[in-house]
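# Structural overview
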Amino acid sequence: LDYSHTASTAQRLRVLAGTTEMIVQHPLTGSGLGSFESQFPSALEAAGLESLENDTFTHPHNEVMYVMAEGGFIALSGLLLLAGLWLWPVAHHLRRRDVRWLLSLTGLPIVIHMMTEYPVYQSAPHLMMLLLLYRAGLPAETLRAVRAPTMLRAVGLPAVCLCTCAALAVLTAGLTIQETLTRAEADMNAGLIPSLPAADWR
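Residues numbered from 1 in each chain as written. Predicted model: local features only at pLDDT ≥ 70, side-chain atom pairs only at ≥ 80, totals over all residues. Heavy atoms only, no water.

### Topic: the overall build of the protein chain
Test applied: Helix and strand assignments come from DSSP, with helices taken as H or I runs of at least 4 residues and strands as E runs of at least 2, each series counted from the N terminus. The size measure is the radius of gyration over C-alpha atoms, and the globule rule it meets is 2.2 Å times the number of residues to the 0.38 power. A 1.4 Å probe rolled over the protein chains alone gives each residue an accessible area, and that area as a share of the maximum for its type sets the label: buried under 20%, exposed over 50%, partly exposed in between.
Secondary structure summary: the protein chain contains six helices and zero strands in total. Beginning at the N terminus, the succession of helices and strands in the protein chain can be written as α-α-α-α-α-α. Computed over the C-alpha atoms, the radius of gyration of the protein chain is 21 Å, more than 25% above the 17 Å expected from 2.2 N^0.38 for a compact globule of 202 residues. For the protein chain, the spread of C-alpha atoms along the three principal axes comes to 60 × 50 × 30 Å. In the protein chain, which comprises 202 residues, the share counted as buried stands at 25%.

Right, here's the structure in full:
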């Protein structure tokens, strides 16, 4: 067994270098969600690096770089917001000198795993576990019912419903295009000429 992992480490460093090139090419908006696998080889070439064997890389083994490569600083701001929400219970307990802030740190192994191995974006079980641990770390006394003003409910509820419908429409379009890409990949693996979807907003 190769206990030194020299080849694996060198490969990881090249993946990170190629991902950095992707971020430099589109720092604000990224190359598009779901585009890492297709854009990574050209980013490697632009960085002057050799192709990584015959492997197809779907993620760079780092959550932050993955988000930045596909979504740019706009998506990164959302990730930082989630990080702030995760750390909020820690700040709450520390302010009160309560040792229960340690509960929030139970998710640290998953967070480290996200930054060195498999991003949570690609793993629903990791995401679900992270959410459960986050809830376990929330201070119970801060969870209370809030009565929203009538005007806010009258305007806010329809707005939330509209946004939800729009989000569902976008997700449905994404699911449709994903099914088309999956069929195209299956055709390609079977030696057929794949029928690719049009390169539109999806």
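### So, the packing of aromatic side chains
To keep things clear, this is the line we draw: Here the aromatic set is Phe, Tyr and Trp, taking the six-membered ring for Trp, and pairing holds for ring centres within 6.5 Å; pairs whose planes are under 30 degrees apart are stacked, those over 60 apart are edge-to-face, and all others are tilted.
By the definition in use, this model includes three aromatic pairs. Ring geometry for Phe-36 against Tyr-66: centres 5.7 Å apart, planes inclined by 85°, an arrangement best described as edge-to-face. With Phe-36 in helix α2 (residues 36-46) and Tyr-66 in helix α3 (residues 63-95), the pair connects residues that are 30 residues apart, well separated along the chain. Taking relative accessible area as the criterion, Phe-36 reaches 0% and is therefore assigned buried.

### A word on the nonpolar core
Short version of the rule: Nonpolar core, defined: a set of buried Ala, Val, Leu, Ile, Met, Phe, Trp, Tyr and Cys residues in which side-chain atoms within 4.5 Å join the residues together. Two residues qualify as a contact provided that any one of their heavy atoms is within 4.5 Å of a heavy atom in the partner residue.
Counting residues in hydrophobic clusters, the biggest one holds 15 residues, and the most contacted among them are Met-22, Ile-23, Phe-36, Phe-40, Phe-57 and Ala-69. Counting residues per element, this core draws most heavily on α3, which supplies seven residues. Contacts of Ala-69, omitting those with residues within four sequence positions, involve Thr-19, Met-22, Ile-23, Gly-30, Ser-31 and Phe-36. Core analysis: the second largest hydrophobic core is formed by six residues, Trp-86, Ile-110, Val-120 and Leu-130 among them.

### Here we look at unusual backbone geometry
A positive phi angle, close to 65°, is found at His-61, a residue other than glycine. Within the element layout of this structure, His-61 appears in the loop between α2 and α3.

### Focus on helix α5 (residues 124-137)
Three or four residues apart is the spacing at which side chains of an α-helix point the same way, because the helix has 3.6 residues per turn. The following threshold applies: Between the first and last residue of a helix there are one fewer steps than residues, each counted as 1.5 Å, and that sum is the expected span. Here, the arc refers to the directions that run from the helix axis to the C-beta atoms.
In this model α5 runs 20 Å from its N-terminal to its C-terminal C-alpha over 14 residues, within 8% of the 20 Å that 1.5 Å per residue would give. All of the buried residues in α5 are Leu-130, Leu-133 and Gly-137. All buried residues of α5 fall inside an arc of 65° around its axis, so they share one side. Facing away from the buried side of α5 by over 90 degrees, the exposed positions are Pro-125 and Leu-132. Against the buried residues of α5 lie α3 and α4 (108-116).

### Notes on the pattern of salt bridges
Here is the rule: By definition here, a salt bridge exists when the distance from a side-chain nitrogen of Lys or Arg to a carboxyl oxygen of Asp or Glu is within 4 Å.
Per the stated rule, a full pass over the model turns up one salt bridge. A salt bridge links Glu-117 to Arg-12; the nearest nitrogen and oxygen atoms lie 2.9 Å apart. Pair noted here: Glu-117 is in the loop between α4 and α5 and Arg-12 is in helix α1 (residues 6-25), with a separation of 105 residues, a long-range link.

### Things to note about the packing of α1 against α2
To keep it simple, the criterion reads: Between the N-to-C directions of two axes lies an angle of 0 to 180 degrees, each axis being a line fitted to C-alpha atoms and, for a helix, fitted only over the stretch in contact. An angle counts as roughly parallel when it lies under 35 degrees, as roughly antiparallel when it exceeds 145, as roughly perpendicular when it falls between 65 and 115, and as oblique in every other case.
Contact pair α1 / α2: the axes reach a minimum separation of 8 Å and the direction vectors enclose 95°. It follows that α1 is roughly perpendicular to α2 by the angle criterion. Judged by residue contacts, Arg-14, Val-15, Gly-18, Thr-19, Glu-21, Met-22 and Gln-25 of α1 engage Phe-36, Gln-39, Phe-40, Ala-43, Leu-44 and Ala-46 from α2.

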